Amino acid sequence: MISSAGPVPLAVVWVLVATGIAMLVASVMRGTTTEGAPRPRSVVVDMLLLGLLAGRAGFVIRHAGDYAADPWAMLRIGDGGFLLWPALLVGLGWGAWRLRRWPALRRRVGAAALAGLLSWAVLSTGAGWLQQSRVTLPAITLSSLEGRPTALNDTQGKPVVINLWASWCGPCRREMPVLARAQQRHPDIGFLFVNQGETRDEVDAFMAAEQLSLHNVLLDEDALTAEQLQVHAYPTTLFFDGQGRLRHLHLGELTAAGLQSKLDDL
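Owing to the predicted nature of the structure, the values given are computational and were not obtained by experimental measurement. (Residues numbered from 1 in each chain as written. Predicted model: local features only at pLDDT ≥ 70, side-chain atom pairs only at ≥ 80, totals over all residues. Heavy atoms only, no water.)

A.B. asks: Talk me through the overall build of the chain; I want residue IDs and the actual numbers.
C.D. replies: In terms of helices and strands, the chain carries nine helices and nine strands. Reported as C-alpha extents along the three principal axes, the dimensions of the chain are approximately 75 × 35 × 30 Å. A total of 266 residues make up the chain; the buried ones form 44% of that total. Long-range contacts, defined as pairs at least 24 residues apart, comprise 71% of the intrachain contacts of the chain with a sequence gap of at least 6. One way to put it: in the chain the 23 positive side-chain charges average out to a point 19 Å from where the 22 negative ones average out. (Helix = DSSP H or I, 4+ residues; strand = E, 2+ residues; numbered from the N terminus. Buried < 20%, exposed > 50% of the residue type's maximum accessible area, 1.4 Å probe, protein only. Contact = heavy atoms within 4.5 Å. Lys, Arg positive; Asp, Glu negative; His and termini not counted. Charge placed at Lys NZ, Arg CZ, Asp CG, Glu CD.)

A.B. asks: For the side chain of His250, give the residues involved together with the corresponding values.
C.D. replies: For His250, the position within the fold is in strand 9 (residues 246–251). The buried category is assigned to His250, whose relative accessible area is 5%. Within the local environment of His250, its side chain forms a polar contact with the backbone oxygen of Glu253, the two atoms lying 3.2 Å apart. (Polar contact = N/O pair within 3.5 Å; in protein donor to acceptor, adjacent residues only side chain to side chain.)

A.B. asks: Give me the lowdown on the pattern of salt bridges, citing residues and values where you can.
C.D. replies: Summed over all chains, the structure comprises five salt bridges. Arg173 serves as the salt-bridge partner of Glu210, at 2.8 Å between the closest nitrogen and oxygen. Here Glu210 is found in helix 7 (residues 200–210), whereas its partner Arg173 is found in helix 6 (residues 170–185), with 37 residues between them in sequence. Residue classification places Glu210 among the partly exposed positions, given a relative accessible area of 35%. (Salt bridge = Lys/Arg side-chain N within 4 Å of Asp/Glu carboxyl O.)

A.B. asks: So what about the state of the cysteines? Which residues, and what values?
C.D. replies: Across all of its chains, the model carries one disulfide by this definition. What pairs with Cys169 in a disulfide is Cys172, and their sulfur atoms sit 2.4 Å apart. Disulfide Cys169-Cys172: torsion about the S-S bond near 80°, hence right-handed. The class of Cys169 is buried, set by a relative accessible area of 4%. Residue class for Cys172 comes out buried when judged on its relative accessible area of 1%. (Disulfide = S-S within 2.5 Å.)

A.B. asks: Any details on helix 2 (residues 40–62)? Residues and values, ideally.
C.D. replies: Helical geometry note: an α-helix holds 3.6 residues per turn, so side chains three or four residues apart project in the same direction. Helix length check: helix 2 (23 residues) gives 33 Å between terminal C-alpha atoms against 33 Å at 1.5 Å per residue, within 8%. Regarding helix 2, the residues found buried are Pro40, Val43, Val44, Met47, Gly51, Ala54, Gly55, Arg56, Gly58, Phe59 and Val60. (Expected span 1.5 Å × (residues − 1).)

A.B. asks: How would you sum up unusual backbone geometry? Please name residues and give values.
C.D. replies: Cis geometry is adopted by the peptide bond preceding Pro235, which originates at Tyr234 and carries an omega value of -5°. A positive phi angle, near 65°, is found at Asn216, a position not held by glycine. The residue Asn216 is located in the loop between helix 7 and strand 7 (217–220) in this model. Overall, Asn216 belongs to the partly exposed group, its relative accessible area being 25%. One non-glycine residue, Ala223, adopts positive backbone phi at about 55°.

A.B. asks: Describe the environment of Pro187, listing the residues and the values that go with them.
C.D. replies: By the element assignment, Pro187 lies in the loop between helix 6 and strand 6 (190–196). According to the relative accessible area criterion, Pro187 is exposed, its value standing at 64%. Taking C-alpha positions, Pro187 is 25 Å from Arg200, a pair spaced 13 residues apart along the chain.

A.B. asks: Quick one: what's the story with a negative patch on the surface, residue by residue and with numbers?
C.D. replies: On the surface, Glu146, Asp201, Glu202, Asp204, Glu221 and Asp222 cluster together into a patch of negative charge. Its location among the elements puts Asp204 in helix 7. Of the residues examined, Asp204 reaches a relative accessible area of 35% and is grouped as partly exposed. (Patch = residues over 30% accessible without salt bridge, like charges linked within 9 Å, V, L, I, M, F, W, Y side chains within 5 Å. Areas by Shrake-Rupley, 256 points an atom, 1.4 Å probe, with all protein chains shown as cover.)

A.B. asks: Account for the packing of helix 2 against helix 4 (residues 84–98), with residues named and values stated.
C.D. replies: Interaxial distance between helix 2 and helix 4 falls to 7 Å at its minimum, and their mutual angle equals 145°. In the packing of helix 2 onto helix 4, the handedness of the crossing is right-handed. On helix 4, the residues touching Val43, Asp46, Met47, Leu50, Gly51, Ala54, Gly55 and Gly58 of helix 2 are Pro86, Ala87, Val90, Gly91, Leu92, Trp94, Gly95 and Arg98. Grouping the amino acids of the contact of helix 2 with helix 4 by side-chain chemistry returns nine nonpolar, five polar and two charged. (Axes fitted to C-alpha atoms, helices over the stretch in contact; angles between N-to-C directions. Left-handed = near helix turned anticlockwise from the far one by under 90°. Nonpolar A, V, L, I, M, F, W, Y, C, P; charged D, E, K, R; others polar.)

Put into structure tokens, the structure is as follows:
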């Protein structure tokens, strides 16, 4: 399962690829050159940057309550927190305003923007479909800290969030309180905290030291879950809907707002 290209999330890769395609289209299309007119590629880049800024601002405003407790989390864009409609509105609006004096350039910039948007949509949708078709809930039964056997693929018809973590992992430790609060607020969603590669004593000591109140903490000393899901870094959190279909995969630390946006989509 591929969720990133090296340290870069695939969502970022698709944006970069789509931007490259848009700039290529803007470069190869022929058109008249007017003195003082902006370069089409520069307009496309400005549309992208302003659109991303607006998409992030819209997401932050929408989840202002979650960010109030941790304002610095607004800067952690790794949670995937962007809204599409303000990004499109501001990006396309800027392009129209920027070219108000150069109507001859509108066709080139419009075609480039359309090519970029279509490329991004195809890449994102195709990658999501491929991921959903390849990733399923593992048919593994693990033991809880209380000694209760738990089957990971027994969803009982409700959404499931599987968090793969380890006590030596700094981002795992930081996001645990966020996940604990979400578990309390969403009893209709099953949260499974699957520890990877540690013993019961190590996990018990960590839970006691952090004073965490978590349900469904599971032990996986052989890291079979990570092996089956082809996960190579922690924390990784997978979001499955009530039919067992993968809806989101997040590699890295989750903020409260980023987590809530994914839970809303289950």
